[in-house]
Amino acid sequence: MLRLPKVIGHRGAAASAPENTLASIERAALLGARWVEFDAKLTKDGVVILMHDDDLDRTTTGHGPVAEASWPQIAKLDAGAWFGPGWHGVRVPRLDETIARLASLGLNANIEIKPCPGREVETAAAVIELVRKRWPKGREAPLLSSFALESMVTARDLAPELPRGLLIWDTPEIWRAEAGRLGCRSVHFSSDHLPADLKAVKRAGLGLAVYTVNDRGQARRLLDAGVDCIITDRPDTILAA
Ligand code: G3P
Ligand code: MG
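Residues numbered from 1 in each chain as written. Chains lettered and ligands numbered in written order. Predicted model: local features only at pLDDT ≥ 70, side-chain atom pairs only at ≥ 80, totals over all residues. Heavy atoms only, no water.

### Some details on the environment of Gly207
- Within the element layout of this structure, Gly207 appears in strand S8 (residues 207–211).
- By relative accessible area, which is 0% here, Gly207 ends up buried.
- Sequence-wise, Gly207 and Phe83 are 124 residues apart; in three dimensions their C-alpha atoms are separated by 33 Å. (Helix = DSSP H or I, 4+ residues; strand = E, 2+ residues; numbered from the N terminus. Buried < 20%, exposed > 50% of the residue type's maximum accessible area, 1.4 Å probe, protein only.)

Written out as structure tokens, the structure reads:
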């Protein structure tokens, strides 16, 4: 069975640093996380970067769709200023440099493939290519997940050796059929939409993660109910639970 950590830092440590940046990943490590989750998507010119939204506007000084911006354009943007005055100058990271930083920090990752609409297959393929080329040999492989079922099918077919986690939002009961079809080793549920029988996930031999939980009491209850892993913006708070 896949051994999930108790805590995964969400978008790095999104409560205390600008999400999906190297600064956020470093902060997660500082706060005690051994794993981080982040969102991977493609620029117009096919570079894999860390970014949650389809548009640049919320988390950078840029505007418009990520899919219409090239890497040289995105590289110039500030991805920290929106978060607070101390974060000016933080940049959008590429996945290749992120992998190098994870290795130097000794972190593992849940790489969420977050394609812009219509780029499900190529985004998954690009993430896999980089993981194959850059992930240090001998280190535990990263866990790939995605809400985009086409990306998951691509991951399954192109890289069956890489572990996959099924990411589900508001239809939790599909877990059994989809995890089977996609050959997943874990299922990641929203804390707002849990399946009626959480323990059934464990009985099926799957790792069980819940996102995004920032409250210590809620985390404690979920762990007591058999959840393996809490994906959180506040790894320090949840580790204390
Ligand atoms: O992977 C768990 C979580 O990150 C999924 O939701 O929207 O924060 O990427 P989102
Ligand atoms: Mg995510």
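### Overview of the state of the cysteines
- Here the structure, examined in full by the defined rule, presents zero disulfides.
- You can see Cys184 has no disulfide; the closest cysteine sulfur is in Cys229, sitting 15 Å from it.
- Residue Cys184 is classed as buried on the basis of its relative accessible area, which comes to 8%. (Disulfide = S-S within 2.5 Å.)

### Regarding the coordination of the magnesium ion (ligand 2)
- Each protein donor to the magnesium ion (ligand 2) is listed here as Glu37 (OE), Asp39 (OD) and Glu112 (OE); together their distances run 2.0 to 2.2 Å.
- Sequence spacing among the residues donating to the magnesium ion (ligand 2) works out to E-x1-D-x72-E. Of the two residues, Asp39 is situated in strand S2 (residues 35–42) and Glu112 in strand S4 (residues 108–113); the sequence distance between them amounts to 73 residues.
- On the basis of relative accessibility, which here comes to 0%, the residue Asp39 falls in the buried class.
- A relative accessible area of 5% means that Glu112 is categorised as buried. (Donors = N, O, S within 2.8 Å, 3.2 Å for Na, K, Ca; no water.)

### Thoughts on the pairing of S2
- Most of S2 is tucked away: eight of the eight residues are buried.
- Of the two faces of S2, the one holding Trp35, Glu37, Asp39 and Lys41 and the one holding Val36, Phe38, Ala40 and Leu42 are both buried throughout.
- Handedness of the crossover joining strand S1 (residues 7–10) and S2 through helix H1 (residues 22–30): right-handed.
- The sheet contact formed by S2 and S4 spans six bridges and is parallel. In the strand pairing of S4, Ala40 is matched with Ile113.
- Direction of pairing for S2 relative to strand S3 (residues 48–50): antiparallel, over a ladder of three bridges. Along S3, the bridge assignment pairs Ala40 with Leu50. (Right-handed = clockwise from strand over helix to strand, strands pointing away. Pairing = 2+ DSSP bridges.)

Remember, this is a structural readout, not a statement about activity or role.
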